[in-house]
Every structure is written in C-alpha cells, then in structure tokens.
Amino acid sequence: LIASAPLEDIMKILMYNTVSDEMPYVEKWTEKTGHEVVTIDQPLNETTVDRAKGFDAITTQQTTAINVPVYAQLAQFNIKQIAIRQVGYDVLDLPEAFAHNIRLSNVAAYSPRAIAEYTLTQLFNLIRHNKKFDRAMNTGDYTWAAGGQAREIHDLTVAVIGVGRIGTALAEMLHALGATVLGVDPIYRAQNEPFVTYTTLDDALSRADVISFHTPLNDETRYMADENFFAKIQPGTIMLNFARGEIVDMVELEKALESKLLAGAAFDVTPNENDFMNQKQDITALPADVKRLIEYDNFLLSPHIAFYTNTAIKNMVEMALNDAVTMVNGGVTENEILR
Ligand code: NAD
C-alpha cells in the first residue's frame, strides 16, 4: 500500500468517543490517506482534553457538552479545529471556540437515504399490519383475519412535512413506487417538482393518507402536531415521526390512536426519549405513555435507529476526518460551522 500523504504532512488525529462500529472505517481511511488516527472511547471534556496534547487535529461524536475550559486548553495545545462526527452541534460552545480561533465542523448529511429508507420500511410495516400478524402468529394464529387487509403504497397520498435532505430522499422513493407526494416546506425547491406537489399544510392534511415529519425542531415545529393539527387530519391517516420527538404532542397522538382517527403511527423519536432510548432497562421501567403506546398493534416504536446504517457510519467517520485535515491545512469545507 502506498500512503497518499507525503511523510512530512502526515497528521496525528485524536478520535474521541470512538465506538466499535467506526473502527473498520477508521482503519480504511488511515490506509488510504496515510494519516495516523488514535482512537479513545471517552468523550472530550475537562478531564480528557489533556489527551489532545501532541496531536494535530481532533474529532468527536458525543451528546455531552464540551464546556468553556476545554477550548483554552485545546488552543494551548495548538489544536486549531474540532470535527464533530454528527449532525447536532449543540454540544459545542461556539463563542468560546471562536474566541480561541478553533474552527468547527459537523457532518450535516451523512446519509439522508438511511432515514428515508427506514421511514419507508415502517410505513410498509404499518400498511401490511405486520405487528398485528406477528403477535397473532406468536400465539399460533396463522389466519388472515389475525392482521387484516392491507393497502397498497401506490394508492396512497403522502404529505411530507419538511422537504429538505431527508424529505426529498423519501419523496423520490415514494414517487418511484407510484404514491402521490404532497410537500410542505417554506423553502420551494423547483428541482423537486418531478416528484413533489408543493402545497399548504392545511391542504396537505385534508388530503393525506400518510403524514411524515422531516423538519428540524425549532420554535415553529415544536409541538406542531397539536390538538388543532389533529383536528385537521382525515380519519384513517397514518403518522410517521422520524425527525424529532417534540414535533408531536404525544397526548394528542395517544388520543388519536385510541379514537381510531389514526389508522397507525410509527415513531423513531419521542419527547422523553433521553429517559429510555439507548439504554437497556426492564420493560416496567419505561415511561408510562411509552408502555401504553407500545401495546397498540398499530403503533411502531424504534430506538432512534433510522440513521444507523453502514453508509451513515462510514460517512460520519470519513467526512469528519477529511474535514479535520482540511481545516488544519487552512482549507475550506462545506461542513464548517461558520461564526
Ligand atoms: P434539512 O435541513 O435538510 O431539511 C429540513 C427541511 O424542513 C428544510 O427544507 C426546512 O425548510 C423545512 N422546514 C423547516 N421548518 C418547517 C416548517 N415549519 N414546516 C415545514 N417545513 C419546514 O434537514 P434533514 O437533514 O432533512 O433532517 C430533518 C430532520 O430529521 C431533523 O429534525 C433531524 O434532526 C432529523 N433526523 C433524524 C434522524 C434519526 O435517526 N431519526 C437522523 C438524522 C436526522
């Protein structure tokens, strides 16, 4: 193997909070580029910042905050950047980083298809009543009546709320399958016209068989699906939330499942997910609303795994490491978080 970086340009990169899934991609990247990566399994914080001494660049992915004292320390070690291997960069203290001339990057689009494909998977699971059939088969009931008649995807009208990276990927696939796709987004993208009919939220809600959220969480979208929103949807609608838990009022969701206003729902996120997701606990320790919801045959819950594919992990690792090298060399990357 021939390393592509000349010897004098070889960088030493410290990779915080590395998980085993990332290792094969780290190894391939170092082979390809010739740079050196040291992996550790702790996050970057006041206690672990000393480890960065002697390195040229650092990268991390973590949900815990990188507090004020860390940036001054990094600057002292002549670290000029932090490459975050995830979308959300609320863990960073931007003013403090910029005050110490530390450049920052995130990985904003590691694989929109990963989330879009899983949304589609769960939509198919709902319309084929797979949870109901599975539960019946577990009791020995292999009749057709156990699950019920399905609908076919090409007959459905799907409202995609938020036609950004993920919403666009989903809309393209739905259109290819013959579904009618309505798009709701304050940003109009003409290139989506071949597969999306843009309309207003109210119009979409009045026509949709399926509503799928793909917006960020912000002041406008927080609890966007409230009592008023549910009052506008059609009986028998399916609701999908693979974006952020706080977009949907879970009390209203439960009411809509109970009253059969919703024919089904699939969620990968919930407002209280930090209390139980990515943790292993006794089923009785789950939050009360989650325990009630998972009893429904037509409610599918998954542990925030829509993103979790080989492509996404590969892109997170490679993009962050490439950005680290680019920024140390004074170059430009579209992933930079600008001041
Ligand atoms: P994006 O920024 O590319 O697209 C979001 C779109 O939503 C934009 O086009 C924006 O104009 C639109 N939007 C904003 N406010 C809106 C509103 N009030 N009504 C309608 N549209 C609105 O983002 P993305 O990469 O497509 O991600 C979308 C969501 O998916 C984010 O919330 C993200 O956190 C979530 N996500 C979930 C997972 C998972 O594993 N479940 C993984 C990655 C991202």
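Here the structure is a predicted model, which means the values were calculated and not measured.

Calculation rules
- Within any chain, residue numbers begin from 1 and follow the written order of that chain's sequence.
- Local features in a predicted model are, by the rule used here, given only for residues with pLDDT of at least 70; side-chain atom pairs are given and counted only at 80 or more, and totals for whole chains, interfaces and linings are based on all residues.
- The side-chain values count all of the structure's non-hydrogen atoms but skip hydrogen atoms and water molecules.
- Strands here are runs of E lasting at least two residues and helices are runs of H or I lasting at least four, both read from the DSSP assignment and numbered beginning at the N terminus.
- Only protein chains enter the calculation, and the probe is 1.4 Å; a residue is then buried if its accessible area is under 20% of its type maximum, exposed if over 50%, and partly exposed in between.
- Any two residues whose heavy atoms approach within 4.5 Å at even a single point are treated as in contact.
- Method for areas: the Shrake-Rupley scheme with a 1.4 Å probe, in which residue coverage is limited to the protein chains shown.
- Note that His is not counted, nor are the chain ends; the positive residues are Lys and Arg, and the negative ones are Asp and Glu.
- The location of each charge is read from NZ of Lys, CZ of Arg, CG of Asp or CD of Glu.
- Helix span, as expected, comes to 1.5 Å for every residue beyond the first.
- We call two strands paired when DSSP finds no fewer than two bridges between them.
- All axes here are fitted lines through C-alpha atoms, helices being fitted over the stretch that makes contact, and every angle between N-to-C directions spans 0 to 180 degrees.
- One heavy atom within 4 Å of a molecule or strand is enough for the residue carrying it to be called near that molecule or strand.
- N or O atoms closer than or at 3.5 Å make up a polar contact, with two conditions inside protein: a donor-capable atom paired with an acceptor-capable one, and, for residues adjacent in sequence, both atoms drawn from side chains.
- Three classes are used, and their members are as follows: Ala, Val, Leu, Ile, Met, Phe, Trp, Tyr, Cys and Pro are nonpolar, Asp, Glu, Lys and Arg are charged, and the others, Gly among them, are polar.
- Any Lys or Arg side-chain nitrogen located within 4 Å of an Asp or Glu carboxyl oxygen qualifies as a salt bridge.
- By convention, orient the strands away from the viewer: a clockwise path from the first strand over the helix to the second makes the crossover right-handed.

(A) Highlighting the overall build of the protein chain. What the protein chain contains, in helices and strands, is 11 helices and 13 strands. Dimensions of the protein chain, computed from C-alpha atoms along their principal axes, come out at roughly 70 × 50 × 40 Å. Looking at the protein chain as a whole, 47% of its 339 residues qualify as buried. Counting contacts in the protein chain only where the partners sit at least 6 residues apart, residues at least 24 apart contribute 67% of the total. Accessible area for the protein chain stands at about 16900 Å²; split by element, carbon and sulfur atoms hold 51% of it. Here the protein chain holds 27 positive side-chain charges and 45 negative ones, and the gap between their average locations is 2 Å.

(B) Here's a closer look at helix α4 (residues 112-127). Along its 16 residues, α4 runs 23 Å from first to last C-alpha, staying within 8% of the 22 Å computed at 1.5 Å per residue. Residues of α4 that are buried: A114, I115, A116, Y118, T119, L120, Q122, L123, L126 and I127. Buried residues belonging to α4 abut α6 (165-176), β9 (210-213), β10 (237-241), β11 (262-267) and β12 (299-301). Looking one or two residues past α4, H129 carries a phi angle of roughly 55°, positive in sign.

(C) View of the sheet that holds β10. Taken in spatial order, the seven strands of this open sheet run β8-β7-β6-β9-β10-β11-β12, and their pairing is parallel. Every interior strand has two partners, whereas the edge strands, β8 (197-198) and β12, have only one. As paired elements, β11 and β12 share three bridges and run parallel to each other. Residue pairing in the sheet places A266 in a bridge with L300 of β12. Contacts from helix α9 (residues 250-258) reach β10, β11 and β12, with the element oriented near 140° to β11.

(D) Quick peek at the site of the ligand. Close contacts around the ligand come from 26 residues, with R165, I166, D185, R189 and T215 the closest. At 2.9 Å from an oxygen atom of the ligand is found a main-chain nitrogen or oxygen belonging to R165. Side-chain polar atom of E220 to a nitrogen atom of the ligand: 3.2 Å apart, as the coordinates give it. The protein chains hide 86% of the 870 Å² of surface that the ligand would expose on its own. Here the residues of the shell around the ligand sort into 13 nonpolar, seven polar and six charged.

(E) Representation of the pattern of salt bridges in the model. Under the definition given, this model contains 10 salt bridges. Residue R113 is joined to E117 by a salt bridge in which the shortest nitrogen-to-oxygen separation is 2.9 Å. In this pair, R113 and E117 both sit in helix α4, four residues apart, roughly one turn of the helix. Of the residues examined, R113 reaches a relative accessible area of 43% and is grouped as partly exposed.

(F) Representation of the pairing of strand β1 (residues 12-15) in the model. In terms of strand pairing, β1 meets strand β2 (residues 36-39) through four bridges, oriented parallel. Following the sheet pairing, L14 is matched in β2 by V38. Crossover β1 to β2 through helix α1 (residues 23-33) is right-handed.

(G) Looking closely at the sheet that holds strand β13 (residues 336-337). Spatial strand order, β2-β1-β3-β4-β5-β13: six strands in an open sheet with mixed pairing. Of all strands in the sheet, those with a lone pairing partner are β2 and β13, marking the two edges. As paired strands, strand β5 (residues 103-105) and β13 are joined by two bridges and run antiparallel to one another. Paired with L104 across the two strands is I337, which belongs to β13. Against the sheet, α1 makes contact with β1 and β2, and its axis sits at roughly 160° relative to β2, the strand it touches most. Lying on the sheet, helix α11 (residues 310-328) is in contact with β1, β2, β3 (57-60), β4 (81-84), β5 and β13; it crosses β4 at an angle near 165°.

(H) Quick peek at α6. An ideal rise of 1.5 Å per residue puts 16 Å on 12 residues; α6 measures up with 17 Å between its terminal C-alpha atoms. G167, T168, A169, L170, A171, M173 and L174 are the residues of α6 that are buried. Just downstream of α6, G178 is the residue with a positive phi angle, here 95°.

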